[in-house]
Amino acid sequence: MRAVTTEPTSLTSALHAHIAQAIASSGGWIGFDRFMQLALYAPGMGYYAGALPKFGAMPQSGSDFVTAPELTPLFGQTLAAQVADALAHTGTHEVWEFGAGSGALALQLLDALGDQVQRYTIVDLSGSLRARQQALLAAHAHKVRWLDALPAQMEGVIVGNEVLDAMPVQLIARHGGAQGGVWHERGVVLDVQGQFAWQDRPTELRPPIEIDGPHDYLTEIHPQAEAFIHTLGDRLVRGAAFFIDYGFGEGEYYHPQRHMGTVMCHRAHQADDNPLLDVGLKDITAHVNFTAMALAAQDQPLPPDQAWSVLGYTTQAHFLINCGLLAKMELEPLAGRALAAKLIMEHEMGELFKVLALCKGQPWDAVGFTHGDRTHRL
């Protein structure tokens, strides 16, 4: 057991006590997925439940990280081409956005899509973010509604930008090599000073593929994100879904050299890999296994006319270029072009970020995947 010591501040002491009580109630140990859930979403205490700034282009604003819609409005304006394409092909008139953040993407899509959208539904668990979204979207108030739970049935086009990465993951660690190594689930306990510390316990959990090599290996599995895909599959009667996030296909995700896992924390535009420190004051994320998300959709037992299909999978760069970003960039001043270029540059967001599209019913040649589709590499 490796202890991690930090003094809880007044902002995190209530959350620290809440998680400590959960640990005590569970016999002294909770899985990392439970810890991550509480750290991010505990009502009134978790990172996303608090009123501190989160989204912004510069740390001077008090923000912790920037997402594509905050970086440049061209992101949402370009994504709108694919959303319009999907609305037309599915015969629907509603957009569902999960985890709408500051509301910037919603504003960009609503402005660009106009009368093609009759209703825009935001599903967000954060009350403080909801207030910020309502202020930003005041001009579209007649179209926008907020929900904190899904209805039994829904239709329309689903958008999730950096949503899957914020869903709690289970950590599993192999001690020893592929031959004779023992897998453990990594969880959180309290040390003798009452601080959070890691503790591994033997487990039957495994990655979806065998991982070669003689070394110790830490990685994640994503049951909550897979369950989310299943829930959408059960509820969405007609429509499509587009998930934009950083991550990999399965073969790259579980590459033998990726032995330290992908869990990262973000605060004041700085990254660290220790989620047990400053709990409640920073974001905690993990990269997305896009193969697992696609399989969760395709393996779900649904009637044939309600089954998920994979519409496409590609890099953010290919997707946005296919949707017309370059033509929009030409109309921007130099500073605007420089910001938009970060969306597609390989060393910025262009390659690491991927787009996975699912649809109900018969797939079509979606505009965002006309060139560079990588579905065969999932």
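You'll find the structure just up there.
Residues numbered from 1 in each chain as written. Predicted model: local features only at pLDDT ≥ 70, side-chain atom pairs only at ≥ 80, totals over all residues. Heavy atoms only, no water.

Trainee: Looking at this structure, I do not really get helix H9 (residues 290-298). What am I missing?
Mentor: One turn of an α-helix holds 3.6 residues; hence residues three or four places apart share an orientation. With 7 of 9 residues buried, H9 lies mostly within the body of the structure. Phe 290, Thr 291, Ala 292, Met 293, Ala 294, Ala 296 and Ala 297 are the residues of H9 that are buried. The residue sitting at the N-terminus of H9 and contributing the capping side-chain oxygen is Asn 289; that oxygen lies 3.2 Å from the backbone nitrogen of Thr 291. (Buried < 20%, exposed > 50% of the residue type's maximum accessible area, 1.4 Å probe, protein only. Helix = DSSP H or I, 4+ residues; strand = E, 2+ residues; numbered from the N terminus. Polar contact = N/O pair within 3.5 Å; in protein donor to acceptor, adjacent residues only side chain to side chain.)

Trainee: In this structure, what is going on with the pairing of strand E7 (residues 182-190)? I would like to understand it.
Mentor: Each regular strand carries side chains that alternate between the two faces of the sheet. In terms of burial, E7 is a largely internal element, 7 of the 9 residues being buried. Where strand E6 (residues 170-175) lies against E7, 5 bridges are found, and the strand directions are antiparallel. The residue of E7 that forms the bridge with His 175 is Val 182. In sequence, E6 turns back onto E7 through a hairpin of 6 residues, with Gly 176 there showing a positive phi of about 100°. Across 7 bridges, the pairing between E7 and strand E8 (residues 196-202) is antiparallel. Opposite Leu 190, over in E8, you have Phe 196 as the bridge partner. Hairpin connection from E7 to E8: 5 residues lie between these consecutive antiparallel strands, with Gly 194 at a positive phi of about 80°. (Pairing = 2+ DSSP bridges.)

Taken by themselves, the reported measurements are silent on function.
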